[in-house]
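Architecture at a glance
The lines below spell out each chain.
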Amino acid sequence: MELEQTFTQALEYGRQYISGGQVATYIPELAKADPNWLAVCAVTTDLQSYAYGNAGQKFTLQSIAKVISLILALESVGEDVVFSKVGMEPTGDPFNSIVKLEKVSTHTPYNPMINAGAISVATNIPGATLEQRFDNFLQFTRKICGNEDISLSFETYLSEKRTGDRNRALAYMMKSGGVLTGSVEEHLDLYFMICSVLATCRDIAFLGAVLANNGIHPQTGEQLVSPRHLKIVRSLMVTCGMYDASGYFATMVGLPSKSGVGGGIVSVVPNVMGIGVFGPALDERGNSIGGVKILEYLSEQLNLSMF
Ligand code: GLN
């Protein structure tokens, strides 16, 4: 009961900040979101669920897909292959910045949580065709989010493809350094598709619960993320998961987390639960403005910080 009250209060606390944010418009399909949507969900490692606010509202994963894709890549080809084409350092720059990519002679992206890094990581998702590679991602997403109904928003995918020239620039820069090989347009297509997968706040809370539960699916007991890869993924979420607000977020919330411009944030409370928040009104860094405040409130009230 007390926990339920804390979640309700966190939601109301976060709501006060919504008016200071804006929905993303650079991907036209995202501009259709209602800035007043706000939700918080939690799934504990022993499978208790909590859901408040617009918890049934679907949104696209956007950058949250970067976490799932990194896990799938690590589990498929191993860390040596993955980190031969992406680094482990935060940039301190916006998620779509090209500045640091240009400066490294090989044009290797700094980390898997920024756009360039995620485009590179996704090249490791196995499959003979684009369709197979996306299907592998989708099946894995359904499993790790505990929801067989998760699907693609074709409209958002097309919207991203049509307007994704900045990502195209990042990808061609990486091709010039040999980080990407083969069809750049196909790599971009896969990236746009994985960003355009629809989920709910509960789905991302479940993803958080798997990462909280030592990489083990809390329902089936299947080890979806090896202990070694779990350590890598959770570390990169702490250092790079909230873009150029990762330092602030680590200080104020102190949990491995990943945001997306669709308005979702997944947070991991190790050994306890996954938390999903959703609010499409974003702050200037591209993080859900109400969602960040909900997590700050929960972290403070429940003493959740890892540090
Ligand atoms: N699909 C988005 C993009 O490429 C993802 C960015 C994000 O969520 N920060 O710009």
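First, a word on what this report is: a plain description of the structure on this page. (Residues numbered from 1 in each chain as written. Predicted model: local features only at pLDDT ≥ 70, side-chain atom pairs only at ≥ 80, totals over all residues. Heavy atoms only, no water.)

Description of the overall build of the protein chain
Cut-off, in case you're wondering: Per the convention used, a helix needs a DSSP run of H or I reaching at least four residues, while a strand needs a run of E reaching at least two, with both numbered from the N terminus. We compute the radius of gyration over the C-alpha atoms and compare it with the globule rule, which gives 2.2 Å times the number of residues raised to the power 0.38. Buried, partly exposed and exposed residues are distinguished by accessible area as a fraction of the type maximum, computed with a 1.4 Å probe on protein chains only: under 20%, between the cut-offs, and over 50%, respectively. What makes two residues a contact is simply this: any of their non-hydrogen atoms within 4.5 Å. In this description, accessible areas are obtained by the Shrake-Rupley approach with a 1.4 Å probe, and a residue is regarded as covered only by the protein chains that are shown. Under the convention used here, Asp and Glu are negative, Lys and Arg are positive, and both His and the chain ends fall outside the count. Note on charges: their place is set at NZ of Lys, CZ of Arg, CG of Asp or CD of Glu.
Of regular secondary structure, the protein chain possesses 13 helices and eight strands. Radius of gyration (C-alpha) of the protein chain: 18 Å, near the 19 Å computed for a compact globule of 307 residues. Relative to its 307 residues, the protein chain shows a buried fraction of 59%. For the protein chain, contacts bridging at least 24 residues in sequence account for 69% of all contacts bridging at least 6. If you sum the accessible surface of the protein chain, you get close to 12000 Å²; carbon and sulfur atoms cover 51% of it. Taking the average place of the 22 positive charges on the side chains of the protein chain and the average place of its 29 negative ones, the gap between the two points comes to 5 Å.

Section: helix H9 (residues 184-195)
Short version of the rule: Expected helix span is given by 1.5 Å per residue-to-residue step, counting one fewer step than there are residues.
Under the 1.5 Å per step criterion, the end-to-end length of H9 is 17 Å for twelve residues, consistent within 8% with the ideal 16 Å. Across the twelve residues that make up H9, a large majority, ten, are buried. All buried positions along H9 are accounted for by Val184, His187, Leu188, Asp189, Leu190, Tyr191, Phe192, Met193, Ile194 and Cys195.

What to know about the environment of aspartate 189
As a reminder, the rule being used: Polar contact is the term for a pair of N or O atoms within 3.5 Å; when the atoms are in protein, one must be able to donate a hydrogen and the other to accept it, and sequence-neighboring residues count only if both atoms are side-chain atoms.
For aspartate 189, the position within the fold is in helix H9. On the accessibility criterion, aspartate 189 (11% relative accessible area) is buried. Taking the C-alpha atoms as reference points, aspartate 189 and valine 81, 108 residues apart in sequence, are found 21 Å from one another. Setting aside residues no more than four positions away along its own chain, aspartate 189 makes contact with Leu130, Tyr157 and Lys161. At a separation of 3.0 Å, a polar atom in the side chain of aspartate 189 contacts the side chain of lysine 161.

Some remarks on the pairing of strand E8 (residues 273-278)
What counts is decided by this rule: Two strands qualify as a pair provided DSSP detects at least 2 bridges between them.
In terms of burial, E8 is a largely internal element, six of the six residues being buried. Side chains Met273, Ile275 and Val277 of E8 all project onto a buried face; the interleaved residues Gly274, Gly276 and Phe278 project onto the opposite face, where all are buried too. Bridge analysis of strand E1 (residues 39-44) against E8 gives six bridges, and the strand direction is antiparallel. By the bridge assignment, alanine 42 is partnered in E8 with isoleucine 275. Inspection of the sheet shows strand E7 (residues 264-269) paired to E8 by six bridges, in the antiparallel sense. From the neighbouring strand, glycine 264 faces E8, where its bridge partner is phenylalanine 278. What sits between E7 and E8 in their antiparallel hairpin is a turn of three residues, with asparagine 271 showing a positive phi close to 70°.

Quick look at the packing of aromatic side chains
Definition in use: Pairing of aromatic rings covers Phe, Tyr and Trp, the last counted by its six-membered ring, and requires centre-to-centre distances within 6.5 Å; plane angles under 30 degrees mean stacked, over 60 mean edge-to-face, and any other angle means tilted. Charge over a ring is defined by NZ of Lys or CZ of Arg lying within 6 Å of the ring centre and within 35 degrees of the ring normal.
A full pass over the atoms with the stated rule returns eleven aromatic pairs. Summarising the aromatic geometry, the rings of tryptophan 37 and phenylalanine 278 are spaced 6.1 Å apart at their centres and angled 35° between planes, so their arrangement reads as tilted. Taken together, the residues span a long stretch of sequence, with tryptophan 37 in the loop between helix H1 (2-15) and E1 and phenylalanine 278 in strand E8 at a distance of 241 residues. On the basis of an interplanar angle of 55° and a centroid distance of 5.6 Å, the ring pair of phenylalanine 154 and tyrosine 157 is categorised as tilted. With phenylalanine 154 and tyrosine 157 both in helix H7 (residues 154-163) and three residues apart, the pair spans about one turn of that helix. Taking relative accessible area as the criterion, phenylalanine 154 reaches 46% and is therefore assigned partly exposed. Of the aromatic side chains, those joined through ring pairs into one cluster are Phe7, Tyr50 and Tyr52. In this structure, lysine 100 is placed above the aromatic ring of tyrosine 110, and the distance from its NZ or CZ to the ring centre is 6.0 Å. Its guanidinium or amino end placed over the ring of tyrosine 17, lysine 293 lies 4.9 Å from that ring's centre, counting from NZ or CZ.

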